Amino acid sequence: MIHVYVGPTLSRDESLLNAPSVRVLPPVRHGDLFDPAVADGDTVVILDGVYHQAPALRHKEILAVLGRGVRVFGAASIGALRAAELHEFGMLGVGAVFSAYVRGDIDGDDEVAVGQEPGGGLRALTWPLVNLRHVLGIAEHEGDVTGETASGLLEALGAVYYPQRTMAAVLAVCRRHGAEAFGAWLAERRRADRHFGDLKRLDALEAVQAALDGPPPGPGLPPGTPWDTGYYRRWANFFATEKADGLELATAHRIAYQQIFDPQFPAVWRTHLDYLSRHPDDGSEGVPLAERMTRLTGEHPGPLPVHAVFRPPLDLRDAQAVARLLAGETAADRATIARYEVCNTEARRSTPGFMPEAVDGEVTRRTLLRLWRCDLGRLEEEAAGRGFRSSADAIEETKHFMAGLFHDQTQAASAKELACDAM
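What you see is a predicted model, and the numbers here were worked out from it, not measured in a lab.

Caption draft 1: Region of the structure containing unusual backbone geometry. Positive phi outside glycine occurs at A76, with the angle close to 75°. Inspection of the secondary structure puts A76 in the loop between β4 (71-74) and α2 (78-86). Exposure remark for A76: the relative accessible area of 0% places this residue in the buried category. Despite not being glycine, R373 has its phi angle at roughly 50°, a positive value. Positionally, R373 belongs in the loop between α16 (361-372) and α17 (379-385). Residue R373 is classed as exposed on the basis of its relative accessible area, which comes to 78%.

Here's what the structure looks like:
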């Protein structure tokens, strides 16, 4: 399968995008390459991506899929930029824009950035600077502008903020610099061919065709390339999802729900720690958890609880670890998580600026104390016994469920009031 991330650079009616093996996706953003549909051995073509409205695609996300044997092409826009930065690591750059970045002829993000129509539309409303460079080069070659005029216009156009670089702005710059003839020439060429001067489109089509042609794979990711960092693992955890009972739920939320609401989860966590002790991933000897504790403390039982000594981070890419931690999960739990997601969505709609992360920390702390039936002095130990790195982490995870808990409490109070009125 060929996964093409594209926005305004190519129209959806381009024939290459309608090939049976092509999966067309919106402009790429941080997290998209964690999509389980991008399988080992597939091909990814990165053309367009987001810059301001959402976090941009990280380099290590590309390195990670290259490490899985996925071929990654880049061209035209953010794809050309990332390919220029990562071509030494096996990403395949295509086209003139990529080559210009590699040579150092251009280096700014605004060379390829465009303003798009509001409301999530994918039509470009402005000219990218790299296309303007291209048409000025054509005009100079054909004798329609001098080299001096072309340089002056390019400098002036580069000074225009990219979301404002409309065709009207281009013509206004031409008038201010006495280059009305070039403006008229460009407008006429555009009327004759709506794709005239669209270098990004040409590069994008070349990249999709290269993916369809299936050239021999490149050298691949060099051994030892450091991409599996703590940051990457946190991203992987954040974007991990799985479909269960027809529901697409974040794995991290499912585990956090068990940590917070299952009174038996401390036993689940201890079982997980015992497994890790018996199957260490550092090549050391595997021993039962109790024996490892005795070796560490010299006492049996030791002076410290197990969860105070061992606090391993979670890696949700480990399917066996996820299965162990969700051993007590029920279908009702998953349905509640899905319902709480709806509550968060409704809260965002009804309360401007609402985010789960912004829920009051003190209110959340009191909620945890009530759920876990402990006092403040035991909160840290209770959190550790449930696999949280700290009580602060437990509070942050609980915030995601607070809108749902508030909704349930409100519904319960209303039901009680109705029952009392009926008596």
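Don't stop here, the text continues.
Caption draft 2: Here's a closer look at helix α4 (residues 129-141). The end-to-end C-alpha separation of α4 is 18 Å, in line with the 18 Å expected for 13 residues at 1.5 Å each. Along α4, the positions that sit buried rather than exposed are L129, V130, N131, L132, V135, L136 and A139. Looking at the buried positions of α4, the neighbouring elements they touch are α3 (95-103), α5 (147-158), α6 (167-176), α7 (180-192) and α8 (199-213). Backbone geometry just downstream of α4 places G143 in the positive-phi region, at approximately 85°.

Caption draft 3: Layout of the sheet that holds strand β2 (residues 22-25). A sheet is described by the order of its strands in space; here five strands give the open sequence β2-β1-β3-β4-β5, paired in parallel fashion. Every interior strand has two partners, whereas the edge strands, β2 and β5 (92-93), have only one. Bridge analysis of β4 against β5 gives two bridges, and the strand direction is parallel. Each residue of the ladder has a partner; that of G74, found in β5, is G93. Along the sheet, α8 contacts β1 (2-5), β2, β3 (43-46) and β4; its crossing angle with β3, the most-contacted strand, is approximately 175°.

The rules we used
Counting from 1, residues in each chain are numbered in the order their sequence is written. Only residues with pLDDT of at least 70 are given local features in this predicted model, and only at 80 or more are side-chain atom pairs given and counted; all residues enter the totals for whole chains, interfaces and linings. As a rule here, side-chain values come from all non-hydrogen atoms in the structure, and water together with hydrogens is ignored. A helix here means a DSSP run of H or I that spans at least four residues, while a strand means a run of E at least two residues long, and both kinds are numbered starting from the N terminus. Burial here depends on accessible area, computed with a 1.4 Å probe over protein chains only, as a share of the maximum for the residue type. Under 20% is buried, over 50% is exposed, and the range in between is partly exposed. A helix is expected to span 1.5 Å multiplied by its residue count minus one. By definition, residues are in contact when any of their heavy atoms lie within 4.5 Å. For two strands to be treated as a pair, DSSP must find no fewer than two bridges joining them. To define axes, lines are fitted to C-alpha atoms, for helices over the stretch in contact only, and angles between the resulting N-to-C directions are given on a 0 to 180 degree scale.

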